[in-house]
Amino acid sequence: MTACLAGAPSARKQNWNQVNWSLVQCLVNRLQMRIAEAVRQGRWHKVKVLQYLLSRSFYAKMLAVKRIISNKGKRTPGIDGVIWKTHQQFWCAVLQLKTRGYKAQPLRRCWIPKSNGQQRPLGIPTMHDRAMQALYALALKPVAETLGDKHSYGFREKRSLHDAIKQCFISLATRVAAPWVLDADIKACFDRISHDWLLEHIPLPKKVLVQWLKSGYMEQSTSSDSEEGTPEGGIISPILCNMTLDGLESIVIKGRNKKRQKLNVIRYADDFVITGATEEILRDEILPAVTDFLRPRGLTLSEEKTHLRPIDEGFNFLGFTLRKFNGKLITTPSHKKVTHFRKMLKTFLNESQNLPFDAMLRKLNSKLRGWAFSNRQVVAKRLFRTLDNALYYDVCRWLRHRHRNKTNAWIKHRYWSRIEGRNNLGTFVLNKQGERQWLGLFRMADVPIRRHLKIRGEANPYDPAYRDYFKDRAERQCRRRNYDRLFLASTPLERALTHLRSFFTYKSLMYG
């Protein structure tokens, strides 16, 4: 993208809703790809020049503001209490994103409860500071993606949690795979990253980066300075965390026989797993090397969450349990994750006693669909049936509590119906056309198990060589989403026929 395209054309005279965002994204992406190409060539002076051009681009500023007003925290103000709501405020925010004279305001600190009963701090920047971070994040992402570890999957574009779980399965599934696993976690990673290390190694203007690191925070009208760490609520903080931990994979494998010692590193943000052939290799060689790698960055491993154990005992990683039974690796949702989901459903049913049954059922089905589709990539069919049975009795109790003056026969006649040979719990509602339509309790066991197709470890969204790869991957995901929509809109009989059709197709492909 040339300098004239990076400037401020007549776009500012347009309505915010009339902006051609696909064109804006395309022009900014062209410049990001040039930054990634300069990083691959080692031309860091050109990287600096291109980042300077991108940070002054009017289109990049528009994308930065669009990201701020589109995410979940768009209604959460900083210490100034300012929230952008109108189109005029959006355009004014774009014009105010200037590096010259920029000074970041302190963060608004709040506390978020953790699963273990403790609390973690969350720093909330102002809207203007968030937009500045989003602007420079556009310039830093190509560098982070090009230099990132091959098997790092947290807070990266086109990568997800399921990619990390699939890589764990690939590394541990075979019978000759590594029998020992080091499951590690970094203690308070975001809060303890060294500022000196970040200022020395992150390729961003120091006068801008130091503003975010040294801005301090406000808590109950009390101002405090920040001597270490990066705010967990910042837009650019996940990228800084990833770049801080990049190089861990090369440190573990450097100077060692990867195949003989069966070394693999799978990282998702500050959680990572390292496999090894023996317990001694992981305890005496790998663990000290990881500790030495983290020390200059101001980080240490958490003793409570770092475990060295054989794969036959299993381990929990990112909400899933991986364990070998008689040489076969089984991946299931973790017990803690399932328990939390059950408690959430019970809390929802208790708080929905005053809702109409159809409104409650729609919200409940939405939660069930989301959880089932996010966990169908692993061995979960039996778990889905168990949860369906437990939820069935919970909904029955909800109905009995709702209709305390009615008999069980009346409740059964009102809310049960036999559709296509199967008893269903639900009710008839009117659709948009005014026709009666059956709204039943969603059954997670009907969701088919579908294995996740992992992204290539070396794939870079800012590399033109992988443009066709990501295009094909996006088309495949689009087809799967369309299939899921048809699946959800179909009847139980149509779903059963779909299962049979896919089963016989698989048999014909395997055995002719």
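Treat the numbers as computed from the prediction; the structure is a model and nothing was measured.

**Considerations on the overall build of the protein**
Link 1 in the chain: Each helix and strand in the protein was counted, giving 20 helices and 14 strands.
Link 2 in the chain: Over its C-alpha atoms the protein spans a radius of gyration of 26 Å, differing by no more than 12% from the 24 Å that the globule rule assigns to 512 residues.
Link 3 in the chain: Counting over 512 residues, the protein shows a buried share of 46%.
Link 4 in the chain: Taking as baseline every contact in the protein between residues at least 6 positions apart, the subset at least 24 positions apart corresponds to 70%.

**Notes on the nonpolar core**
Link 1 in the chain: If you look at the biggest cluster of nonpolar residues, it comprises 78 residues, and the most contacted ones within it are Met-62, Val-65, Trp-84, Ile-202, Trp-212, Ile-274 and Val-290.
Link 2 in the chain: If we ignore the near neighbours within four places in the chain, the residues touching Val-290 are Leu-248, Val-252, Phe-272, Ile-274 and Leu-301.

**Side note on the packing of aromatic side chains**
Link 1 in the chain: Applying the stated criterion across every chain, the model contains 15 aromatic pairs.
Link 2 in the chain: A ring pair is formed by Tyr-469 and Phe-470, whose centres lie 5.3 Å apart and whose planes are at 70°; its orientation type is edge-to-face. With respect to class, Tyr-469 is no different from Phe-470; both count as buried.
Link 3 in the chain: An aromatic cluster is defined as three or more aromatic residues linked by ring pairs; in this entry it consists of Trp-16, Trp-21, Phe-58, Phe-90 and Trp-91.
Link 4 in the chain: Just above the ring of Phe-442 sits the side chain of Arg-369; from NZ or CZ to the centre is 6.0 Å.
Link 5 in the chain: Above the plane of the ring of Phe-428 lies Arg-436, whose end atom (NZ or CZ) is 4.4 Å from the centre.

**Description of the pattern of salt bridges**
Link 1 in the chain: A complete count under the given rule lists 15 salt bridges for this structure.
Link 2 in the chain: Taking the shortest distance from any N to any O, the salt bridge between Lys-141 and Glu-157 comes out at 3.6 Å. Placement of Lys-141 in helix α6 (residues 127–147) and of Glu-157 in the loop between α6 and α7 (161–172) is noted, with a sequence separation of 16 residues between them.
Link 3 in the chain: Residue class for Glu-157 comes out partly exposed when judged on its relative accessible area of 25%.
Link 4 in the chain: Across the pair Arg-156 and Glu-145 runs a salt bridge, and its minimum N-O distance is 3.1 Å. You can see Arg-156 sitting in the loop between α6 and α7 and its partner Glu-145 sitting in helix α6, a full 11 residues away along the chain.
Link 5 in the chain: Judged by its relative accessible area of 9%, Arg-156 falls in the buried class.
Link 6 in the chain: Residues participating in the shared-partner salt-bridge network are Glu-37, Arg-40 and Asp-463.

**Points about α7**
Link 1 in the chain: Relative to the 16 Å expected for 12 residues at 1.5 Å per residue, α7 spans 17 Å between its end C-alpha atoms, a close match to the ideal helical length.
Link 2 in the chain: Those residues of α7 that fall on the buried side of the exposure criterion are His-162, Asp-163, Ala-164, Ile-165, Gln-167, Cys-168, Ser-171 and Leu-172.

**Topic: the side chain of Asn-375**
Link 1 in the chain: Tracing the chain through its elements places Asn-375 in helix α16 (residues 357–375).
Link 2 in the chain: At 3.1 Å, the side chain of Asn-375 and the side chain of Ser-374 are in polar contact.

**Structural notes on the sheet that holds strand β5 (residues 222–224)**
Where strands meet in a sheet, backbone hydrogen bonds hold them as pairs that are either parallel or antiparallel.
Link 1 in the chain: Read across the sheet, 4 strands follow the order β2-β1-β4-β5 without closing on themselves; strand pairing throughout is mixed. Since the sheet does not close on itself, it has two edges, and those belong to β2 (119–124) and β5, each with one partner. In this sheet, adjacent strand axes meet at a mean angle of 40° when their direction is disregarded.
Link 2 in the chain: Sheet analysis places strand β1 (residues 107–113) next to β2, joined by 6 bridges and oriented antiparallel. Within β2, the position partnered with Arg-109 by the bridge is Gly-123.

**Overview of the sheet that holds strand β9 (residues 315–317)**
Link 1 in the chain: Read from one edge of the open sheet, 3 strands run β9-β10-β11, paired in antiparallel fashion. Both edges of this open sheet fall to β9 and β11 (328–333), since each of them pairs with a single strand only. For this sheet the average axis-to-axis angle between neighbouring strands, irrespective of direction, equals 30°.
Link 2 in the chain: Summarising the sheet, strand β10 (residues 320–325) and β11 pair through 6 bridges and their orientation is antiparallel. Looking at the pairing, Phe-320 lines up with Pro-333 of β11.
Link 3 in the chain: Across the sheet, α7 is in contact with β9, β10 and β11; its angle to β10 comes to roughly 15°.

**Overview of empty space enclosed by the protein**
Link 1 in the chain: What the rule picks out here adds up to 1 cavity of 30 Å³ or more.
Link 2 in the chain: Computed from the structure, the largest cavity encloses a volume of approximately 40 Å³.
Link 3 in the chain: Lining the largest cavity are Tyr-102, Ala-104, Gln-105, Leu-107, Pro-125, Asp-129, Gln-133, Trp-212, Ser-215 and Pro-231.
Link 4 in the chain: Residue composition of the lining of the largest cavity, by class: 6 nonpolar, 3 polar and 1 charged.

**Points about the packing of helix α2 (residues 21–41) against helix α3 (residues 44–55)**
Link 1 in the chain: Closest axis-to-axis distance for the α2/α3 pair is 8 Å, and the angle between their directions is 165°. Classified by the interaxial angle, the pair formed by α2 and α3 is roughly antiparallel. The two elements α2 and α3 cross, and the hand of that crossing is left-handed. For the pair formed by α2 and α3, the contact residues are Val-28, Leu-31, Gln-32, Arg-34, Ile-35, Ala-38 and Val-39 on the first element and Trp-44, Lys-46, Val-47, Leu-50, Gln-51, Leu-53 and Leu-54 on the second.
Link 2 in the chain: Residue composition of the contact of α2 with α3, by class: 10 nonpolar, 2 polar and 2 charged.

Conventions we followed
Residues numbered from 1 in each chain as written. Predicted model: local features only at pLDDT ≥ 70, side-chain atom pairs only at ≥ 80, totals over all residues. Heavy atoms only, no water. Helix = DSSP H or I, 4+ residues; strand = E, 2+ residues; numbered from the N terminus. Rg over C-alpha atoms; globule rule 2.2 N^0.38 Å. Buried < 20%, exposed > 50% of the residue type's maximum accessible area, 1.4 Å probe, protein only. Contact = heavy atoms within 4.5 Å. Core = buried A, V, L, I, M, F, W, Y, C linked by side-chain atoms within 4.5 Å. Phe/Tyr/Trp six-rings, centres within 6.5 Å; stacked < 30°, edge-to-face > 60°. Lys NZ or Arg CZ within 6 Å of the ring centre and 35° of its normal. Salt bridge = Lys/Arg side-chain N within 4 Å of Asp/Glu carboxyl O. Expected span 1.5 Å × (residues − 1). Polar contact = N/O pair within 3.5 Å; in protein donor to acceptor, adjacent residues only side chain to side chain. Pairing = 2+ DSSP bridges. Axes fitted to C-alpha atoms, helices over the stretch in contact; angles between N-to-C directions. 1 Å grid on protein atoms, 1.4 Å probe; cavity = no way out; pocket = protein on both sides within 12 Å on 5 of 7 lines; lining within 4 Å. Points joined across faces, edges and corners; volume = space filled by probe spheres on them. Nonpolar A, V, L, I, M, F, W, Y, C, P; charged D, E, K, R; others polar. Parallel < 35°, antiparallel > 145°, perpendicular 65-115°, else oblique. Left-handed = near helix turned anticlockwise from the far one by under 90°.

These values are about where atoms sit, not about what they do.
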